[in-house]
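# Notes for the structure review
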Amino acid sequence: MAESLAALLDPRAIRLTERAADRDEAIRRCGQALVDVGAAEPGYVATMLARERSVSTYVGEGVAIPHGTLAGKELVHGDALAVLRFPEPVDWGGQPVSVCVAIAARGDGHVELLAALAELLLDPDQARALREATDPDDVLRLLQPAREDSTR
C-alpha cells in the first residue's frame, strides 16, 4: 500500500478514552469521529450500522474494524481511519472489544486497508500495544509501515 495507515489517520480521530454502552453506540462513536474530521457525511454512520447487522466486523484480539456498506461509499469524501479505544470493553456479539479501527473508503480502498490492518493485528504484541495505547503518538507509530530490513 503506497500510503501508510498512519497517513490516513487524522490525530483528531484518535480517541483513547471512549465509553459505549453497547456495540451500536461504539459504532456511532466511530462514525462520528470520521464525520468530525471531514472524511464522511453523517449518513455514513447508518451504513456502518447496516454493515454490522449483515456481518460482524470483529476481527479478534479485542479489535473490531467497523466500516460502511457499498452504498455508503458515495458518502465518503476520502479514505480515512479513526481509532477509538474503550478502556471498558464493549460487548461485540459476545466478544469483548477494546479497540475499534473505523474505516471510511471510496472505491475499493477498504480492501487494502483491511488487509494492512489484519497484518498488523495478527501480531499479538502489536494488537496488545494498540489495545493498551494511551497516547495518540503511540497509535500513529503502530500504524506506520514496518521498516524494511536493511540487509535486503
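Every chain is numbered independently, its residues counted from 1 as its sequence is written. Residue-level local features of this predicted model are given only where pLDDT is at least 70; pairs of side-chain atoms are given and counted only at 80 or more, and the full residue set underlies all totals for whole chains, interfaces and linings. Excluding hydrogens and water, the side-chain values take into account all heavy atoms of the structure.

A side chain with one charge can pair with a side chain of the opposite charge if their charged atoms come near. Every case where a carboxyl oxygen of Asp or Glu lies within 4 Å of a side-chain nitrogen of Lys or Arg is listed as a salt bridge. In the structure shown here, the tally under the stated rule is 9 salt bridges. With a closest N to O distance of 2.5 Å, Asp-138 and Arg-141 form a salt bridge. You can see Asp-138 and its partner Arg-141 sitting in helix α5 (residues 136-142), 3 residues apart, about one turn around the helix. The rule is simple: take the accessible area with a 1.4 Å probe, protein chains only, and divide by the maximum for that residue type; under 20% is buried, over 50% is exposed, in between is partly exposed. Accessibility expressed as a relative area gives 56% for Arg-141, which makes it exposed. Through salt bridges with shared partners, a single ionic network connects Glu-18, Glu-25 and Arg-29. We count a stretch as a helix when DSSP gives it H or I for four or more residues in a row; a strand needs E for two or more, and each element gets its number in order from the N terminus.

Let's shift gears to the side chain of His-67. In this structure, His-67 sits in the loop between β3 (63-64) and β4 (80-92). Overall, His-67 belongs to the buried group, its relative accessible area being 11%. N or O atoms within 3.5 Å of each other form a polar contact, as long as, within protein, one can give a hydrogen and the other can take it, and as long as residues adjacent in sequence are counted only when both atoms are side-chain atoms. A polar atom in the side chain of His-67 sits 2.8 Å from the backbone oxygen of Ile-65.

Interaxial angle, 0 to 180 degrees, is taken between N-to-C directions of lines fitted to C-alpha atoms, where a helix line uses only the stretch in contact. Closest axis-to-axis distance for the helix α1 (residues 23-36)/helix α2 (residues 44-54) pair is 9 Å, and the angle between their directions is 145 degrees. The two elements α1 and α2 cross, and the hand of that crossing is right-handed. Residue-level contacts link Arg-23, Asp-24, Ile-27, Arg-28, Cys-30, Gly-31, Gln-32, Leu-34 and Val-35 of α1 to Tyr-44, Val-45, Met-48, Leu-49 and Glu-52 of α2. Grouping the constituent residues of the contact of α1 with α2 by class yields 8 nonpolar, 2 polar and 4 charged. By definition, turning the near helix anticlockwise from the far helix through less than a right angle yields a left-handed crossing, and turning it clockwise yields a right-handed one. The criterion used for residue contact is that any of the two residues' heavy atoms lie within 4.5 Å. Gly counts as polar in this scheme, as do all residues outside two lists: the nonpolar Ala, Val, Leu, Ile, Met, Phe, Trp, Tyr, Cys and Pro, and the charged Asp, Glu, Lys and Arg.

Pairing between strands is defined by DSSP: at least two bridges between the two strands are required. On the basis of which strands lie adjacent, the open sheet formed by 5 strands has the order β1-β4-β5-β3-β2 and mixed pairing. Edge positions in the sheet fall to β1 (9-15) and β2 (58-60), since each has one partner strand and no second. Pairing analysis gives 9 bridges linking β4 to strand β5 (residues 95-104), with the strands arranged antiparallel. Within β5, the position partnered with Val-90 by the bridge is Val-97. Docked against the sheet, α1 engages β1, β4 and β5, running at close to 160 degrees with respect to β4.

Attention now moves to the pairing of β4. Direction of pairing for β1 relative to β4: parallel, over a ladder of 3 bridges. Pairing of Arg-15 across the sheet is with Leu-84, part of β4. The loop that links β4 with its antiparallel partner β5 comprises 2 residues; one of these, Gly-93, has a positive phi angle of about 60 degrees.

Another aspect to go through is the nonpolar core. Definition of nonpolar core: a set of buried residues of the types Ala, Val, Leu, Ile, Met, Phe, Trp, Tyr and Cys, connected through side-chain atoms within 4.5 Å. Grouped together as the largest cluster of nonpolar side chains are 50 residues, with contacts concentrated most on Leu-9, Leu-34, Leu-81, Leu-130, Val-139 and Leu-143. With 8 residues, the single largest contributor to this core is β4.

The bulk of non-glycine residues show a negative phi, and the bulk of peptide bonds are trans. For Glu-61, which is not glycine, the phi dihedral falls at a positive 55 degrees. Structurally, Glu-61 can be placed in the loop between β2 and β3.

When pLDDT is averaged along the chain, the result is 88; 91% of the residues meet or exceed 70. Confidence of the predictor in every single residue is expressed as pLDDT, which spans 0 to 100. Across the chain, the secondary-structure element scoring lowest on mean pLDDT is helix α3 (residues 109-121), at 75, and the one scoring highest is α1, at 98. Of the regions scoring below 50 in pLDDT, residues 147-152 engages in 0 contacts with residues more than four places distant in sequence or in other chains.

Attention now moves to the side chain of Glu-52. As for its placement among the helices and strands, Glu-52 is situated in helix α2. The charged-residue count follows a simple rule in which Lys and Arg add positive charge and Asp and Glu add negative charge, with His and chain termini not counted at all. Here Glu-52 sits buried without a salt bridge, and the closest side chain of opposite charge, Arg-23, lies 4.2 Å off (N-O distance). Among residues more than four places away in sequence, those in contact with Glu-52 are Arg-23, Ile-27, Thr-57 and Trp-92.

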